[in-house]
Amino acid sequence: MLCLRVSRPPRRSLAVFPWFGLDIGGTLVKLVYFEPKDITAEEEEEEVENLKSIRKYLTSNVAYGSTGIRDVHLELKDLTLCGRKGNLHFIRFPTHDMPAFIQMGSEKHFSSLHTTLCATGGGAYKFEQDFRTMGDLQLCKLDELDCLIKGVLYIDSVGFNGHSECYYFENPTDAERCQKLPFNLENPYPLLLVNIGSGVSILAVYSKENYKRVTGTSLGGGTFFGLCCLLTGCSTFEEALEMASHGDSTKVDKLVRDIYGGDYERFGLPGWAVASSFGNMMSKEKRESVSKEDLAKATLITITNNIGSIARMCALNENINRVVFVGNFLRINTISMRLLAYALDYWSKGQLKALFLEHEGYFGAVGALLELLDSA
């Protein structure tokens, strides 16, 4: 089994505030911040103004500039970390705004408080020099898959403010009967972890320390958004999903019934199954009749079906029946989640269960934070 390890930051006698974890992805930067709520009067008196300013700025706002967002609904309250009680905040912003984030850290004199930041994701390498020269900050680069698994297992273990972190969909294709139900991941192994970000990585996890990257695909959330920008002129992920929610992908895709006139019974292929994604677009007449919403929906279905198909094959090869989907592609994306839930159940004849996690794309950042505290 492949088990990746990276060097930890230098050991310290105490993890000093502020406590951050960063996951710098290809599309989004995910940041988690632990806000201590048990600060003593003595600590408050000794606390420097820079630290107070950073804490107030991060916790008093739900938006930062024009693109930074604090996902208030995901905040974990009354959490105990390293013997300290506080709240864990979840913040995201586009990766192309990373220079502005570093500049803000420099203006708030972050380096005077904390000389090392724990970061994971490809951007930890890409922006390392910028952190050093612009912000006078040293990055401790951590492996993103190690951090991902560590974050998933930790958040699931503490739960979501008294509720389950993990859930699944029952009757996912029936709008009236569909239910989102909690799932107990108390004994999670083995599990297949499908991380859908800009691209996709699929991991087979056998224990906390034993996992391997089975495969991946370059067709992920970045592909969906990029194609939607080209095909529809949208400018945000949210806009692309909104368009998709109003579209009809069957006007764009060629289905089995379009070829056979019904089901392909010999191989159990129902008439509604997609035979060729975007296959109807070979016809000039059909190209002229589709809307931008139809194109967005077909793009979403194409990417989702591909991910589901690869995940199913990996689960069968690894003999794993629980498949956990995470990543920011799933944020506000109920269409894909319900489609994945249905597809895995249908094509496996009930042998595979698709599971989802409330904190979707933040687990790498949580893992980076835990690495910081483990090294203290």
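Residues numbered from 1 in each chain as written. Predicted model: local features only at pLDDT ≥ 70, side-chain atom pairs only at ≥ 80, totals over all residues. Heavy atoms only, no water.

As annotated in an unreviewed UniProt entry, the protein chain carries the name pantothenate kinase and is attributed to Aquila chrysaetos chrysaetos. Quoted verbatim from the Pathway (unreviewed entry) field of UniProt, the annotation for the protein chain is "Cofactor biosynthesis; coenzyme A biosynthesis; CoA from (R)-pantothenate: step 1/5." The Catalytic activity (unreviewed entry) comment attached to the protein chain in UniProt states, word for word, "(R)-pantothenate + ATP = (R)-4'-phosphopantothenate + ADP + H(+)". (UniProt positions renumbered as here; feature names shortened; annotations may be inferred.)

If you look at the biggest cluster of nonpolar residues, it comprises 69 residues, and the most contacted ones within it are Leu-81, Met-98, Phe-131 and Leu-193. Inspection of this core shows a minimum of three residues originating in each of domain 1 (19–147 + 363–375) and domain 2 (166–249 + 291–357). Residues within four places of Phe-131 in sequence aside, it is in contact with Leu-22, Ile-24, Met-98, Phe-101, Ile-102, Leu-117, Asp-136, Leu-137 and Leu-139. Ile-202, Ala-240, Ile-303 and Ala-354 belong to the second largest nonpolar core, which has 36 residues in total. (Core = buried A, V, L, I, M, F, W, Y, C linked by side-chain atoms within 4.5 Å. Buried < 20%, exposed > 50% of the residue type's maximum accessible area, 1.4 Å probe, protein only. Domains from an automatic or database assignment. Contact = heavy atoms within 4.5 Å.)

The subject of this paragraph is the domain arrangement of the protein chain. Examined at the domain level, the protein chain breaks down into domain 1 (19–147 + 363–375), domain 2 (166–249 + 291–357) and domain 3 (253–289). Between the C-alpha centres of domain 1 and domain 3 there is a distance of 48 Å.

Okay, the pattern of salt bridges next. This structure, assessed with the given rule, holds 15 salt bridges. Across the pair Lys-52 and Glu-49 runs a salt bridge whose closest N-O atoms are separated by 3.8 Å. Here the residue Lys-52 and the residue Glu-49 both occupy positions in helix α2 (residues 49–60), the gap between them amounting to 3 residues, near one helical turn. On the basis of relative accessible area, Glu-49 is assigned to the exposed category, the value being 57%. Notably, a salt bridge pairs Glu-288 with Lys-284, separated by 2.5 Å at the nearest N-O pair. Note that Glu-288 and Lys-284 are positioned in helix α10 (residues 284–289) at a spacing of 4 residues, about one turn of the helix. Here the two residues Glu-288 and Lys-284 agree in accessibility, since each one is exposed. (Salt bridge = Lys/Arg side-chain N within 4 Å of Asp/Glu carboxyl O. Helix = DSSP H or I, 4+ residues; strand = E, 2+ residues; numbered from the N terminus.)

Compared with an ideal rise of 1.5 Å per residue, which puts 12 residues at 16 Å, α2 spans 16 Å between its outermost C-alpha atoms and is within 8% of the ideal. Considered for burial, the residues of α2 that qualify are Leu-51, Ile-54, Arg-55 and Leu-58. One side of α2 holds all its buried residues, which, seen down the axis, span an arc of 95 degrees. When the buried face of α2 is taken as reference, the exposed residues oriented beyond 90 degrees from it are Glu-49, Lys-56 and Ser-60. Taken together, the buried residues of α2 touch β1 (19–24), β2 (28–36), β3 (63–64), β4 (68–70) and β6 (84–94). (Expected span 1.5 Å × (residues − 1). Arc of directions from axis to C-beta.)

Take the packing of aromatic side chains next. Considering all chains together, one arrives at 20 aromatic pairs under this definition. Summarising the aromatic geometry, the rings of Tyr-346 and Trp-347 are spaced 5.0 Å apart at their centres and angled 85 degrees between planes, so their arrangement reads as edge-to-face. Judged by relative accessible area, Tyr-346 falls into the partly exposed class, the value being 30%. Within the aromatic cluster, the residues linked to one another by ring pairs are Tyr-167, Phe-169, Phe-325 and Phe-356. The ring of Tyr-167 has Lys-180 lying over it, and the distance from NZ or CZ to the ring centre is 4.3 Å. (Phe/Tyr/Trp six-rings, centres within 6.5 Å; stacked < 30°, edge-to-face > 60°. Lys NZ or Arg CZ within 6 Å of the ring centre and 35° of its normal.)

Turning our attention to a nonpolar patch on the surface. A grouping of Leu-227, Leu-230 and Leu-231 is seen on the molecular surface, where their side chains present a nonpolar patch of about 290 Å² in accessible area. Within the fold, Leu-227 resides in helix α7 (residues 221–232). (Patch = residues over 30% accessible without salt bridge, like charges linked within 9 Å, V, L, I, M, F, W, Y side chains within 5 Å. Areas by Shrake-Rupley, 256 points an atom, 1.4 Å probe, with all protein chains shown as cover.)

Now for the sheet that holds strand β10 (residues 179–182). What the 7 strands build is an open sheet, ordered β10-β9-β17-β16-β11-β12-β13; its pairing is mixed. Edge positions in the open sheet fall to β10 and β13 (211–217), since each of these has one partner strand only. Neighbouring strand axes in the sheet, compared pairwise and without regard to direction, differ in orientation by 30 degrees on average. Bridge count for strand β11 (residues 191–196) against strand β16 (residues 322–326) is 4 bridges, and the pairing is parallel. From the neighbouring strand, Val-194 faces β16, where its bridge partner is Phe-325. (Pairing = 2+ DSSP bridges. Axes fitted to C-alpha atoms, helices over the stretch in contact; angles between N-to-C directions.)

Mapping Thr-95 onto the fold places it in the loop between β6 and α3 (98–107). On the basis of relative accessible area, Thr-95 is assigned to the buried category, the value being 8%. Apart from residues no more than four positions distant in its own chain, Thr-95 is found in contact with Ile-24, Gly-25, Gly-26, Thr-27, Leu-28, Val-29 and Phe-127.

Negative phi characterises most residues that are not glycine, and trans characterises most peptide bonds. Along the chain, Tyr-189 connects to Pro-190 via a cis peptide bond; the corresponding omega equals -10 degrees. Of note, Pro-190 is situated in the loop between β10 and β11. Even without glycine at this site, Cys-82 takes up a positive phi of about 55 degrees. Position of Cys-82 relative to the elements: it lies in the loop between β5 (76–81) and β6.

A separate point is α3. Within an α-helix, residues lying three or four positions from one another point in the same direction, as the helix has 3.6 residues per turn. Among the residues making up α3, those that are buried are Met-98, Phe-101, Ile-102 and Gly-105. Each buried residue of α3 sits inside an arc of 100 degrees when the element is viewed along its axis, so together they form one side. Elements that come into contact with the buried residues of α3 comprise β1, β2, β6 and α5 (128–135). Positive phi shows up at His-109, right after α3, with a value of about 55 degrees.

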